[in-house]
Amino acid sequence: MNRLTILTFILSSSLYSGTFIGVVTDYSNGTPVIDANIIYTDDISRGATTNEKGLFSIQINSDSIEILVKAIGYKDYNKFVFLDQADPVNIKLQKKTIKLSPVEVLAGRNSLIGVTKNFFRLNGSSSLISRAEVIEFNDTDINRVISQVPGVYTQEEDGYGLRPNIGMRGSGLERSAKINMMEDGILIAPAPYSSPAAYYSPTAGRMESFEIRKGSSQVKYGPHSTGGAINYVSASIPDNLKFQGNISGGQFGNKFGKFKTGVSNKNYGIMFQTVLNGSDGFKTIKGGGNTGFTKNDYLFKARVNSTNELAAAELKVSQTNEISNETYLGLTREDFDVDPYSRYRASHKDKMTANHAQISLTGAIKLFTNSDLTTTLYQNKFHRNWYKLNKIAGQSISSILADGNNGENYNLLSTLNSEDDIYDIKANNRDYLSTGIQSIIRSDFDILGNRNDFMLGFRMHYDEMDRFQWVDLYKMDNNNLFITTAGTQGEGSKNNRLYTANAKSIFIENEVKISKMILTAGGRFESINLERKDWGEDINRDSTAGSIKQAKLDVFVPGAGFSYLIKDGINIFGGVHAGFSPPGPGIDDDDDILPEKSVNYEIGTRYNQGLNSAEILFFYNDYENLLGEDTESTGSGTYAQFNGGEVQIKGIELSLEKVFRSNKLIFPVSFSYTYTDAKFLNSFDSDFDPWGNVIKNDELPYIPRNMYHLRSGVEFNKFKFISRYKYVSRTRTTAGQGDYDRLYSTDNIKVMDLSLKYSINSNFMVESKILNLFNDQSIVASRPAGVRPNMPRTFSMGFLFDF
């Protein structure tokens, strides 16, 4: 940390700034206005956007300039700003007297925070990683993007964020199965009900912003309501003709390209974006081999709207293609200590191929001056085949690595030659479908002089996972794997199955404003039908499935919360809500798995005044029944589910932000911290590897007790320097208590990243980044099999343009 301070001082003391800083707030209550556009009136291609605290900064080459401030739901505002102003100017926007247009309604329905993004007065905890913050590092790894958000946990796996493991407030992390993962307000996990383990995650590098909702205000999204929801907000259609791009390259063959163009007029708008991302990989296979990936994204949007501002519709089409030479095979701890970035020869055939296609059509219509209706039809298709080493000589790879370097089959991991049929490589071939329709009616009105904001919504959803897998057997011959027995598609235990889910849900929510108090109450009702069909050896599925397991769930999930404005810029908030996660139909016919249920509480306070902001809250989750799933990333891949009984999770979330000014230099600083205490309240024996034999008061695995994130920087003239430091305390890899055992825990993770940008002019910028500056080498996980490292120090340079 001292090295960062010295570097920041040297840079800031030697350069002159021509930067103007300001804050945009709501005229009526002083709350920050987020994602407001700051436009130079003499050049509409130049400008900035406000962050989640309403802050913005712009470069001024003259003594003064006129800017135009535009934000959805507010009147436009023009103002002359002067470089020599001692204090940052507070631009106060007045709300429109007319209601939102259908185009603005469309934008609002894509958001979890709302069309005007005034989360300062939400009754639950919310975080926004705004457009202004996204472009600071232009991350492609979602783990790095959301590490600044308190109460959100990540477990790294491949170093690139291709398959993230995300949890919130103590919920399970594995494959992000316990949170609602969404893109533009639509469930985006491949099969969020029948198989929620998300082996697909939207490409973080193509997103415009990210929203996180926790607490009582997120129950309306479903199906998971204990932890929270993360919404990836994709690129928007620009107001004017735009050409934007970002090209970068760096160590390990890392390469990235993002291009966007679009235009709008009074009655239509179109946009096309492509993102090309890839790497040669930072790991080395003994004997040679590819450890990199390529991932390409394509996005198209088109919007039409009526001249009378009564209706609008938007079409969205996207395609993602990925080939990654990734493996479940990690390292023994002995080999990690020698070279954490090596891979055993036995994994050189491992490869994931994945394709995702999304289409949605959203329409908005103004029913009355105070009411609107939004309906979305959506379909997501996902195919993936992870062809990867599963067993050696009949022993699972996780068991081999757990035995260490003296294990019976350890030498087969990198042997020169072997007998036939020694290596079991499984094609985890699956097709997913997620489709449905959702509608929301929203109306605001007065009752007894108190403002009400009423929402009623429903969703009809179907999803499925078609599991049609096989196993090929190999031998090692002169340090290369050769197939000796080809498998038959669909043959083998649990390899010929179809999981389906039909879900109908309805939610109702009303927010009433009484003087300085906002009260919100609502709930979601879900009716879920789950089914699992197993055809066994009937690979053609010509007959009725030999095994059919069905389950039906009807559940009501209520929530209530409040927000009280003590004075402009200071409020308190709190809430209580029911938590719920549905189980699957079970892996075996005699399974009787109960859904996950909890009651969750939070209370906190927010402060926002000018360049200073803070938030602190306390949360408490009381689980009646915890649910775990044996995915391939956490165990043997049976997809059996386990009940963990009573669990108590409590903690503190803190965030602080301040902007300093000195000698016309600008120093932004932010800090977030999370404390979590997560324990089992009963003793039991479990076949679920991360739990094992649990004793009362054992801590949950992969939930860090302490996390913090520090971001600091300096803006001067055409330079912008930003650093961020992430600390995550070691976690248990299996449930336990007392002192940590290195064999059953991760390491403390300490990672610093740096970004330096230079604006050549209003249209061109160059940037350089160093990720993991001090080359921290930490064990970040011991799953899927064996221990694995974080990304090593990586340098890159890039070029950005904006016309």
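Bear in mind that the values here come from a model prediction, so they are computed numbers and not experimental data. (Residues numbered from 1 in each chain as written. Predicted model: local features only at pLDDT ≥ 70, side-chain atom pairs only at ≥ 80, totals over all residues. Heavy atoms only, no water.)

Details of the overall build of the chain
Stated formally: Labels follow the DSSP assignment, with helices taken as runs of H or I lasting at least four residues and strands as runs of E lasting at least two, numbered in each case from the N terminus. Using C-alpha atoms as the atom set, the radius of gyration is obtained and then compared with a globule rule of 2.2 Å times the number of residues to the power 0.38. The rule is simple: take the accessible area with a 1.4 Å probe, protein chains only, and divide by the maximum for that residue type; under 20% is buried, over 50% is exposed, in between is partly exposed. Two residues qualify as a contact provided that any one of their heavy atoms is within 4.5 Å of a heavy atom in the partner residue. Note that accessible areas follow from Shrake-Rupley with a 1.4 Å probe, and for residues the cover is restricted to the protein chains shown. Positive: Lys, Arg. Negative: Asp, Glu. His and the chain ends are not part of the count. By convention, the point assigned to a charge is CZ for Arg, NZ for Lys, CD for Glu and CG for Asp.
Helices and strands together make up the secondary structure of the chain, namely six helices and 45 strands. Whereas a compact globule of 803 residues would reach a radius of gyration of roughly 28 Å, the chain reaches 26 Å, a difference of no more than 12%. Along the first, second and third principal axes, the C-alpha set of the chain runs to 80 × 60 × 50 Å. Buried positions account for 61% of the 803 residues belonging to the chain. Across the chain, contacts joining residues at least 24 apart in sequence account for 67% of those joining residues at least 6 apart. As displayed, the chain offers around 30000 Å² of accessible surface, 55% of which is attributable to carbon and sulfur atoms. Here the chain contributes 86 positive and 92 negative side-chain charges, whose respective centroids are spaced 6 Å apart.

Regarding the sheet that holds strand 12 (residues 186-187)
Let me state the cut-off plainly: Strand pairing is defined by DSSP finding a minimum of two bridges between the two strands.
The strand order across the open sheet built from five strands is 8-13-14-11-12, with neighbouring strands paired in mixed fashion. Only two strands of the sheet have a single partner each, and these edge strands are strand 8 (126-129) and strand 12. Pairing between strand 8 and strand 13 (residues 207-214): four bridges, direction antiparallel. Residue pairing across strands places Leu 128 opposite Glu 211, the latter belonging to strand 13.

Here's the deal with a nonpolar patch on the surface
This is how it is decided: Grouping into patches uses exposed residues only, defined as over 30% relative accessible area, and leaves out salt-bridged ones; the cut-off is 9 Å for like charges and 5 Å for nonpolar side chains (Val, Leu, Ile, Met, Phe, Trp, Tyr). The working definition used for a salt bridge is a side-chain nitrogen of Lys or Arg within 4 Å of a carboxyl oxygen of Asp or Glu.
A grouping of Ile 247, Phe 259, Tyr 268, Ile 270, Phe 272, Leu 276, Tyr 298, Phe 300, Val 304, Val 317 and Ile 359 is seen on the molecular surface, where their side chains present a nonpolar patch of about 870 Å² in accessible area. Going through the elements one at a time, strand 17 (268-279) and strand 19 (293-305) are the ones with two or more residues in the nonpolar patch. Examining the composition of the nonpolar patch, we find that four residues originate from one element, strand 17, more than from any other. Mapped onto the fold, Ile 359 is located in strand 22 (residues 351-368).

Here's the deal with the nonpolar core
Operational definition: Remark: nonpolar core denotes a set of buried residues (Ala, Val, Leu, Ile, Met, Phe, Trp, Tyr, Cys) joined through side-chain atoms within 4.5 Å.
One finds Ile 142, Ile 146, Phe 210, Ile 230, Ile 392 and Tyr 423 to be the most contacted residues of the largest nonpolar core, which totals 55 residues. Among the elements that take part in this core, strand 23 (residues 371-392) stands out by supplying five residues, more than any other. Once you skip the residues sitting within four places of it in the chain, Ile 230 turns out to touch Ile 142, Ile 146, Met 168, Ile 179, Asn 180, Met 181, Met 182, Glu 211 and Ile 212. Core analysis: the second largest hydrophobic core is formed by 25 residues, Phe 573, Leu 626, Val 728 and Ala 781 among them.

A look at the side chain of Thr 50
Here is the rule we go by: Polar contact criterion, stated in full: a pair of N or O atoms within 3.5 Å, where within protein one must be able to donate a hydrogen and the other to accept it, and residues adjacent in sequence count only if both atoms are side-chain atoms.
Counting through the fold element by element, Thr 50 comes out in the loop between strand 3 (43-49) and strand 4 (55-59). Looking at Thr 50, the relative accessible area reads 0%, which means it is buried. From its side chain, Thr 50 meets the backbone oxygen of Val 33 in a polar contact 2.9 Å long. What Thr 50 contacts, discounting residues up to four positions off in sequence, is Val 24, Val 33, Ile 34, Asp 35, Ala 36, Ile 38, Leu 55, Phe 56 and Ser 130.

Some thoughts on the side chain of Lys 316
One can find Lys 316 in strand 20 (residues 311-324). By relative accessible area, Lys 316 is classed as buried at 4%. A distance of 2.6 Å separates polar atoms of two side chains, one belonging to Lys 316 and the other to Glu 183. Of note is the side chain of Lys 316, whose polar atom sits 2.7 Å from the side chain of Asp 184. Other than its neighbours up to four places away in sequence, Lys 316 contacts Glu 183, Asp 184, Ser 234, Leu 299, Phe 300, Lys 301, Gln 358, Ile 359 and Ser 360.

Focus on the packing of aromatic side chains
Stated precisely, the cut-off is as follows: Ring pairs shown here join Phe, Tyr and Trp side chains whose ring centres sit within 6.5 Å, with only the six-membered ring taken for Trp; geometry is labelled stacked below 30 degrees between planes, edge-to-face above 60, and tilted in between.
Using the criterion set out here, one finds 21 aromatic pairs in the structure. Where Tyr 708 meets Tyr 725, the ring centres are 6.0 Å apart and the plane angle is 35°; that geometry is what we call tilted. With Tyr 708 in strand 39 (residues 706-716) and Tyr 725 in strand 40 (residues 719-728), this residue pair connects regions lying 17 residues apart in the sequence. What makes Tyr 708 partly exposed here is its relative accessible area of 29%. Residue Tyr 725 is classed as buried on the basis of its relative accessible area of 10%.

Some details on the pairing of strand 22
Where strand 20 and strand 22 come together, 14 bridges link them in antiparallel fashion. If you follow Ala 313 over to strand 22, its bridge partner there is Gly 363. As judged from the 17 bridges shared by strand 22 and strand 23, these two strands associate in the antiparallel manner. Along strand 23, the bridge assignment pairs Lys 366 with Asp 372.

So, the confidence of the model for the chain
Put simply, the rule reads: Within a predicted model, pLDDT stands for the predictor's per-residue confidence, ranging from 0 to 100.
When the pLDDT values of the chain are averaged, the result is 88; 91% of them are 70 or greater. A low-confidence stretch, residues 1-17 stays under pLDDT 50, and its non-local contacts, those more than four residues away or across chains, total 31 contacts.

Considering the environment of Met 765
Within the secondary structure, Met 765 sits in strand 42 (residues 764-771). Sequence spacing of Met 765 and Lys 718 is 47 residues, and the spatial spacing of their C-alpha atoms is 9.3 Å. In this structure Met 765 touches Lys 757, Tyr 758, Ser 759, Ile 760, Gly 798, Phe 799 and Leu 800, once residues within four positions along its chain are discounted.

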